[in-house]
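Structural overview
Read off the chains here:
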Amino acid sequence: MDSIKYFTFSMIIFISGIRGILLNRRNILIMSMSIESMLLAVNSNFLVFSVSSDDMMGQSFALLVPTVAAAESAIGLAIFVITFRVRGTIAVESINSIQGSGPFSLGERIRFELS
């Protein structure tokens, strides 16, 4: 098996994901798709390393990565939908201005007293 071709392919996918994040910082949906393509590249590297070294550990990690990616995508999509309903846009500039108002917001201190 010529693994250099597969490593080069996954490196190209990973670099295109980094490029998508760095060059397009205005649309958060494209940024999340770039992160997913980076996860795809890492997953293909796990598979190639696993087959080339004849070890099953990389294939087990390759099963774990899409599970985590699916959960991350579902939570991210829910946040995008809520943000779009509240703000009317999913631009990164408007998301930076979101501030919490509850007891666990970042701007307030949380004090736990022992009783």
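Notes on the structure in this doc start here. Values in this document were obtained by computation on a predicted structure and should not be read as measured data.

Counting its regular elements, the protein contains four helices and zero strands. The order of α-helices and β-strands along the protein, N terminus first, is α-α-α-α. In the protein, which comprises 115 residues, the proportion classed as buried is 21%. About 9,000 Å² of surface is accessible on the protein, with carbon and sulfur atoms providing 68% of the total.

Across the interface, helix α1 (residues 3-23) lies against helix α2 (residues 28-53) with an axial gap of 8 Å and an inter-helix angle of 160°. Between α1 and α2, the crossing angle belongs to the class labelled roughly antiparallel. As α1 runs across α2, the sense of the crossing is left-handed. Residues S3, Y6, F7, S10, I13, F14, G17, I18, G20 and I21 of α1 form the contact with α2, whose own contacting residues are M31, S34, I35, S37, M38, L40, A41, V42, S44, N45, V48 and F49. Taken together, the residues of the contact of α1 with α2 sort by class into 14 nonpolar, eight polar and no charged.

This brings us to the packing of α2 against helix α3 (residues 57-87). α3 packs onto α2 with a crossing angle of 170° between their chain directions and a minimal axis gap of 8 Å. In terms of their interaxial angle, α2 and α3 are classed as roughly antiparallel. Contacts between α2 and α3 pair I28, L29, S32, I35, E36, L39, N43, F46, L47, S50 and V51 from the former with G58, Q59, F61, A62, V65, P66, A69, E72, S73 and F80 from the latter. Of the residues in the contact of α2 with α3, the class split is 13 nonpolar, six polar and two charged.

Taking 1.5 Å of rise per residue, 31 residues should cover 45 Å, and α3 covers 44 Å from first to last C-alpha, within 8% of that figure. Of the positions making up α3, those classed as buried are G58, A62, V65, A69, G76, F80 and T83. Looking one or two residues beyond α3, the residue adopting positive phi is G88, at roughly 90°.

Cut-offs and rules
Residues numbered from 1 in each chain as written. Predicted model: local features only at pLDDT ≥ 70, side-chain atom pairs only at ≥ 80, totals over all residues. Heavy atoms only, no water. Helix = DSSP H or I, 4+ residues; strand = E, 2+ residues; numbered from the N terminus. Buried < 20%, exposed > 50% of the residue type's maximum accessible area, 1.4 Å probe, protein only. Areas by Shrake-Rupley, 256 points an atom, 1.4 Å probe, with all protein chains shown as cover. Axes fitted to C-alpha atoms, helices over the stretch in contact; angles between N-to-C directions. Parallel < 35°, antiparallel > 145°, perpendicular 65-115°, else oblique. Left-handed = near helix turned anticlockwise from the far one by under 90°. Contact = heavy atoms within 4.5 Å. Nonpolar A, V, L, I, M, F, W, Y, C, P; charged D, E, K, R; others polar. Expected span 1.5 Å × (residues − 1).

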